[in-house]
Amino acid sequence: MDDFNSETDSDYTSYWRDWFISSRGNEYFCEIDEEYLTDRFNLTGLNTEVQYYQYALDLVTDVFDLDCDDDMREAIEKSARHLYGLVHARYIVTTRGLAKMLEKFKKADFGKCPRVMCDAQPLLPMGQSDIPNTSPVKLYCARCEDLYNPKSSRHASIDGAYFGTSFHNILFQVYPAMLPTKVQRRYEPRVFGFRVHSAAALMRWQNERREEMKDRLRRARIEVGFEDEDDDGELEDIDDDIEGVDYEGTLAANQPL
């Protein structure tokens, strides 16, 4: 808004969309075609979600001519940004909108994946909810299929509903050649250049399963009224083969007739 303080109202309104797209923090947005904005079918239902809807639409479409005070203009400006974001979520899943976002994706305007193994894969903005004011925008990496927070606080404050939950998937459906190959490489822990032996992970897994088995036996034996534990309150050592025993059948066989 500061860029237009020295301009007249007519100059200000004629550049609203250009100002919005070029403002810092709005780099994720693409410019919506005027034909799309002026088609009321594309705006169905938004009049109930945006305050000062008609004034906001006039401002976005560069026909705003209301003489109002600063507080009123600020409220209309806020509504115009919200309206543009909601329309943007609908526009970017159209043929024209997908083409514009694809160009931004190719130039990595949304950033690159911070994961080393993804080799700077370009990201795509997405929302975790289609309902406004639910969650901020996230960045999706198609290579590792994970989500990341934007680096800039200006981008992190953008509503995720302005991009929706389906846009990134639709883009790769329409442009399958842009879908990167999945990552096969994973980080391998090493000590002095030697890989950590897999037996260590196997032993940890076996210990976890053993503890689970102890808990199952303890619960089963308490139910029949007796316990067989050592001084530390733990069950005695259990052979690994005991995991396949059917405890319910065994207990039922031991019940008195």
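The written sequence of each chain sets the order in which its residues are numbered from 1. Only residues with pLDDT of 70 or above have their local features reported here, since the model is predicted, and side-chain atom pairs are shown and tallied only from 80 upward, although totals for entire chains, interfaces and linings are computed over all residues. Side-chain measures were taken over the full set of non-hydrogen atoms in the model, leaving aside hydrogen atoms and water.

By the naming in an unreviewed UniProt entry, the protein chain is Casein kinase II subunit beta, taken from Aplosporella prunicola CBS 121167. UniProt positions are given in the numbering used here, feature names are shortened, and annotations may be inferred rather than shown by experiment. In the Function (unreviewed entry) part of its UniProt record, the protein chain is described as follows: "Regulatory subunit of casein kinase II/CK2. As part of the kinase complex regulates the basal catalytic activity of the alpha subunit a constitutively active serine/threonine-protein kinase that phosphorylates a large number of substrates containing acidic residues C-terminal to the phosphorylated serine or threonine." According to its UniProt record, the protein chain has this under Sequence similarities (unreviewed entry): "Belongs to the casein kinase 2 subunit beta family."

(A) Region of interest: the packing of aromatic side chains. Working definition: rings of Phe, Tyr and Trp (its six-membered ring) pair if their centres are within 6.5 Å, and the pair is stacked with planes under 30 degrees apart, edge-to-face with planes over 60 apart, and tilted otherwise. In total, this model carries 14 aromatic pairs according to the counting rule given. Where Trp16 meets Tyr84, the ring centres are 6.0 Å apart and the plane angle is 55°; that geometry is what we call tilted. Of the two residues, Trp16 sits in helix α2 (residues 16-22) while Tyr84 sits in helix α5 (residues 70-91), which places them 68 residues apart along the sequence. Considered together, Trp16 and Tyr84 belong to a single accessibility category, that of buried residues. Summarising the aromatic geometry, the rings of Phe105 and Phe172 are spaced 6.0 Å apart at their centres and angled 85° between planes, so their arrangement reads as edge-to-face. By the criteria applied, helices consist of DSSP H or I runs no shorter than four residues and strands consist of E runs no shorter than two, each listed in order from the N terminus. For the exposure calls, accessible area comes from a 1.4 Å probe over protein chains only, and a residue counts as buried if that area is under 20% of its type's maximum, exposed if over 50%, partly exposed in between.

(B) Seen up close, the nonpolar core. Grouped together as the largest cluster of nonpolar side chains are 49 residues, with contacts concentrated most on Trp16, Leu83, Val87, Met101, Phe163 and Leu171. Apart from the residues lying within four places of it in its own chain, the contact partners of Trp16 are Leu59, Val60, Asp62, Glu77, Ala80, Arg81 and Tyr84. Working definition of a nonpolar core: buried Ala, Val, Leu, Ile, Met, Phe, Trp, Tyr and Cys residues. They are joined through side-chain atoms within 4.5 Å. In what follows, residue pairs with any heavy atoms lying within 4.5 Å of each other are defined as contacts.

(C) Representation of a negative patch on the surface in the model. Residues enter patches when their relative accessible area tops 30% and they take part in no salt bridge; the joining distance is 9 Å for like charges and 5 Å for the nonpolar side chains Val, Leu, Ile, Met, Phe, Trp and Tyr. Surface accessibility follows the Shrake-Rupley procedure with a 1.4 Å probe radius. Residue values consider only the protein chains on display as shielding. Whenever a carboxyl oxygen of Asp or Glu lies within 4 Å of a side-chain nitrogen of Lys or Arg, that contact is scored as a salt bridge. A positive count includes Lys and Arg, and a negative count includes Asp and Glu. His and the chain ends are not counted in either. Note that the charge is assigned to NZ on lysines, CZ on arginines, CG on aspartates and CD on glutamates. Residues Asp69, Asp70, Asp71 and Glu74 make up a contiguous surface patch of negative charge. For Asp71, the location among the structural elements is in helix α5.

(D) Layout of the pattern of salt bridges. Summed over the entire model, instances satisfying the criterion amount to 13 salt bridges. A salt bridge links Arg96 to Asp33; its shortest N-O distance comes to 3.5 Å. Of this pair, Arg96 sits in helix α6 (residues 95-106) while Asp33 is found in the loop between α2 and α3 (34-38), placing the two residues 63 residues apart along the sequence. Between Lys182 and Glu145 there is a salt bridge, and its shortest N-O distance comes to 3.2 Å. Note that Lys182 is positioned in the loop between α8 (167-174) and β4 (190-191) and Glu145 in the loop between β2 (138-141) and β3 (146-148), a separation of 37 residues in sequence. Residue classification places Glu145 among the partly exposed positions, given a relative accessible area of 49%. Residues joined by salt bridges that share partners form a network here, namely Arg17, Glu34 and Asp62.

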